[in-house]
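# Examining the three-dimensional arrangement
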Amino acid sequence: MEYKWKALTIVNLGSLMGSIDATVLVIGFPSVARELGASLVEMVWVLMIYLVMGTALVLSLGRLSDMKGRKRLYTAGFAVFILGSGLCGFAASGLELVVFRAVQGVGGAMLIANSFAIVSDAFPPAERGRAFGVNTIVWGAGSVLGIALGGLILAVTTWRWIFWINLPIGVVATAIGILVLRESVTPDPRETFDFAAAFLFVAGLISLLFGVTQGILSSWTAPLTLGPILLSAPLLAGFVAWEVKVSRDPILPLSLFRSWSFSASLLATVLQGLALFATNFVLMIYFQGIRHVSVLTASYLLLPLFVALMVVGPIGGRLSDRWGARFLSTLGLVVQAAALLLLSQLSASTPLSQVAVYEGLLGVGGGLFFPANTAAIMSSAPRNRFGVASGAMMTFRNTAVALSYVVALLALTSRLPAGVGAQLFGGTFNPESLGLSPTALDTTFLSGMHSAFLLAALFVAGAAVFSALRGRNLAGSTDGAPAREDAALRRTLEEALPFSAPGTENPNLGQPRNPS
């Protein structure tokens, strides 16, 4: 087997572990809360702390991998993740589970920060779409397997195996990674890690996500919500100022954003993530609250989305290598926008087979978008900045994930009392507490759901615009070289944007300084 396929296999093991963990926890959520006697606040943080840690740390860890080695951090990430998983299985209270999930989140951040960089190192630019397409199969398969395993685990044993199931996968992946992965980074003693910038960025992002989570849990005007959100602004602004004016070796070289291909692809990622990552959550509420099925049945009803993603992902990846990222990514986003518009018309009597078709369209669009867009982002960065590019992509994507839940909950509960959003998110909502008739409650939720899907369609349409304007990004382009673009588009960007159009940027800006 060629090395590139060995590297992809190891990355896919990490993706399999992460996707199983994400879906199987949703199935076991009520059992975990009941056995541990955990409060709603604790259970919401069980979900959110993993996302907070993964989002806040991934950029700094990406920079470290560019400096110290991707193999080292990736294999260490497996070790930390399985340690956190093992501890989660032994948790005796909701608070302990939150702490152990934080440990698991650190390991997940180490894996995420390096996975796309390792694949980009191993595959030439003209084959990266294919590689990321194969990775999409694994994410889809892991999501399907997680649903099946969640039902099986809860039927025959304790919820603790929801976490312990990660242990054999992680141990095998760690051993294979140590034996097979090649270290592609040669440490440069002249490079330094900017701890001040890392502190500003991590503190700012944690403050933002903490405030967002508290907003979900309580009130958007509470001091514990507004305070952290307001504090995040000067911290993140200070990070940018420090990177531009002071830092010798920036954690996030802002020169990356001078490539329009990189910037437009990242903006498409953010808008698509803001729109779609809460879609499963909204559909789960629809299946359980409007169609009155169990959580396990509702999870099975999400399978068409994951299966379509799994089937179309590799096809989209191969086609993006041949035709370039712009066409495939934009087509995928258009398909997803159409699917969201169709979902916005759901009623309490819509046939479930029809809902499955709409879900399948979402999966088809995702299979076209994800591999092509990821390949475009990674191929727009120089090879010695793959870790930073991967970290930046996942930081923006995960932040969009957190905000997508906020947008969805605000749309769903805009006509309901405060606190209902937290109950929905934590799976503890009791319809009888509102004193509404079932028909009135269904009407209220359907109205909010329609608003959520229409807003999501608007975000995806915006992502499609940026995707279409990114430039051709032809297959086979060299690392770090901006994609070739139409001359008219280049002139337009030079006139309209505050940064250089592709091909005009200073390649040395933001690179490590040479003391000589």
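Up top you'll find the structure we're talking about.
Given the structure is predicted, the values throughout are model-derived calculations rather than measurements. (Residues numbered from 1 in each chain as written. Predicted model: local features only at pLDDT ≥ 70, side-chain atom pairs only at ≥ 80, totals over all residues. Heavy atoms only, no water.)

### Observations regarding the overall build of the protein chain
When helices and strands are counted, the protein chain shows 19 helices and zero strands. Going through the 516 residues of the protein chain one by one, you find that 57% of them count as buried. Considering only contacts within the protein chain whose residues lie at least 6 apart along the sequence, 82% involve residues at least 24 apart. Here the protein chain displays about 19900 Å² of accessible surface, and carbon together with sulfur accounts for 69% of that area. (Helix = DSSP H or I, 4+ residues; strand = E, 2+ residues; numbered from the N terminus. Buried < 20%, exposed > 50% of the residue type's maximum accessible area, 1.4 Å probe, protein only. Contact = heavy atoms within 4.5 Å. Areas by Shrake-Rupley, 256 points an atom, 1.4 Å probe, with all protein chains shown as cover.)

### Details of a nonpolar patch on the surface
Taken together, the side chains of Val-240, Val-244 and Leu-254 present a nonpolar region at the surface, about 220 Å² in accessible area. Assignment of secondary structure puts Val-244 in helix 9 (residues 223–245). (Patch = residues over 30% accessible without salt bridge, like charges linked within 9 Å, V, L, I, M, F, W, Y side chains within 5 Å. Salt bridge = Lys/Arg side-chain N within 4 Å of Asp/Glu carboxyl O.)

### Let's talk about helix 16 (residues 386–412)
For helix 16, which comprises 27 residues, the first-to-last C-alpha distance of 39 Å matches the rise-based estimate of 39 Å (1.5 Å per residue) to within 8%. Burial within helix 16 is extensive, with 23 of its 27 residues counted as buried. (Expected span 1.5 Å × (residues − 1).)

### Structural notes on empty space enclosed by the protein
Tallied over the full model, the rule gives three cavities of 30 Å³ or more. The space that makes up the second largest cavity amounts to roughly 100 Å³. For the lining of the second largest cavity, the elements supplying multiple residues, two or more each, are helix 10 (260–276), helix 11 (279–290), helix 16 and helix 18 (438–468). In terms of residues, the lining of the second largest cavity owes the most to one element, helix 18, which gives four residues. Taken together, the residues that form the lining of the second largest cavity break down as 10 nonpolar, two polar and no charged. (1 Å grid on protein atoms, 1.4 Å probe; cavity = no way out; pocket = protein on both sides within 12 Å on 5 of 7 lines; lining within 4 Å. Points joined across faces, edges and corners; volume = space filled by probe spheres on them. Nonpolar A, V, L, I, M, F, W, Y, C, P; charged D, E, K, R; others polar.)

### Side note on the packing of aromatic side chains
Geometrically, a pair of aromatic rings is defined through the distance of the ring centres and the angle of the planes. Within this structure, the stated rule accounts for 16 aromatic pairs. With a centroid separation of 5.1 Å and an interplanar angle of 85°, the aromatic rings of Trp-5 and Phe-123 are classed as edge-to-face. Linking Trp-5 in helix 1 (residues 3–36) with Phe-123 in the loop between helix 4 (94–122) and helix 5 (128–156), this pair joins segments that are 118 residues apart in sequence. Taken together, a centroid distance of 6.4 Å and an interplanar angle of 85° make the contact between Tyr-50 and Phe-81 edge-to-face. On the criterion of sequence distance, the pair formed by Tyr-50 in helix 2 (residues 40–68) and Phe-81 in helix 3 (residues 70–89) is long-range, its members being 31 residues apart. (Phe/Tyr/Trp six-rings, centres within 6.5 Å; stacked < 30°, edge-to-face > 60°.)

### Quick look at helix 8 (residues 195–217)
The α-helix winds at 3.6 residues per turn, so residues separated by three or four positions along the chain end up facing the same way. For helix 8, which comprises 23 residues, the first-to-last C-alpha distance of 32 Å matches the rise-based estimate of 33 Å (1.5 Å per residue) to within 8%. In terms of burial, helix 8 is largely enclosed, as 18 of its 23 residues are buried. One side-chain oxygen at the N-terminal end of helix 8 lies 3.3 Å from the backbone nitrogen of Ala-196; it belongs to Asp-194. (Polar contact = N/O pair within 3.5 Å; in protein donor to acceptor, adjacent residues only side chain to side chain.)

### Looking at the pattern of salt bridges
Two side chains bearing opposite charge may form a pair once their charged atoms approach each other closely. According to the stated counting rule, one finds eight salt bridges in the structure shown. Here Arg-160 makes a salt bridge to Glu-35, at a shortest N to O gap of 3.7 Å. Here Arg-160 is found in the loop between helix 5 and helix 6 (161–164), whereas its partner Glu-35 is found in helix 1, with 125 residues between them in sequence. Relative accessible area serves as the criterion here: at 47%, Glu-35 is assigned to the partly exposed category. Here Arg-70 ties to Asp-121 by a salt bridge, and the two come within 2.3 Å at their closest N and O atoms. With a gap of 51 residues between them, Arg-70 in helix 3 and Asp-121 in helix 4 connect regions that are remote in the sequence. Asp-121 matches Arg-70 in its accessibility class, with the two residues each being buried. Connected via shared salt-bridge partners are Asp-66, Arg-70, Asp-121 and Arg-383.

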